[in-house]
Amino acid sequence: MTTTEHSPLHDPQNDHGQWVPRLDMAIELARESLAEQQAANIYDDRAMLRAAATLEIRLRQLLAALDAEAGR
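Now for a description of the structure that goes with this document. Quantities reported herein were computed from a predicted structural model and do not represent experimental measurements. (Residues numbered from 1 in each chain as written. Predicted model: local features only at pLDDT ≥ 70, side-chain atom pairs only at ≥ 80, totals over all residues. Heavy atoms only, no water.)

**Points about the pattern of salt bridges**
Summed over all chains, the structure comprises two salt bridges. Between Asp24 and Arg22 there is a salt bridge, and its shortest N-O distance comes to 3.2 Å. Judged by relative accessible area, which is 53%, Arg22 ranks as exposed. Between Glu56 and Arg60 there is a salt bridge, with its nearest N and O atoms 2.4 Å apart. Of the two residues, Glu56 and Arg60 are both situated in helix 2 (residues 45–70); the distance of four residues between them amounts to about one turn of the helix. (Salt bridge = Lys/Arg side-chain N within 4 Å of Asp/Glu carboxyl O. Buried < 20%, exposed > 50% of the residue type's maximum accessible area, 1.4 Å probe, protein only. Helix = DSSP H or I, 4+ residues; strand = E, 2+ residues; numbered from the N terminus.)

Below you can see the structure in the form of structure tokens.
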């Protein structure tokens, strides 16, 4: 059995103070990232990892922008 140190993609304890884009910018960035990642090769582990990380970041930015817009 192989043990690997776990490092989460997002750690709320340490990932505070991140930049929150305006909602219109967050939507545009999300659309651009989605368009870029849709061509990723599903059989390429690195491409899938890159796509997942990129889209996770854009989703977090989009939700943060929506929360900011709603005053949450």
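And the narrative resumes.
**Some remarks on the packing of helix 1 (residues 23–37) against helix 2**
Helix 2 packs onto helix 1 with a crossing angle of 165° between their chain directions and a minimal axis gap of 9 Å. In terms of orientation, helix 1 and helix 2 fall into the roughly antiparallel class. Helix-helix and strand crossings are classified by hand; for helix 1 and helix 2 the assignment is left-handed. Contact residues: Leu23, Ala26, Ile27, Leu29, Ala30, Ser33, Leu34 and Gln37 in helix 1; Arg50, Ala51, Thr54, Leu55, Arg58, Gln61, Leu62, Ala65, Leu66 and Glu69 in helix 2. Counted by class, the contact of helix 1 with helix 2 contains eleven nonpolar, four polar and three charged residues. (Axes fitted to C-alpha atoms, helices over the stretch in contact; angles between N-to-C directions. Parallel < 35°, antiparallel > 145°, perpendicular 65-115°, else oblique. Left-handed = near helix turned anticlockwise from the far one by under 90°. Contact = heavy atoms within 4.5 Å. Nonpolar A, V, L, I, M, F, W, Y, C, P; charged D, E, K, R; others polar.)

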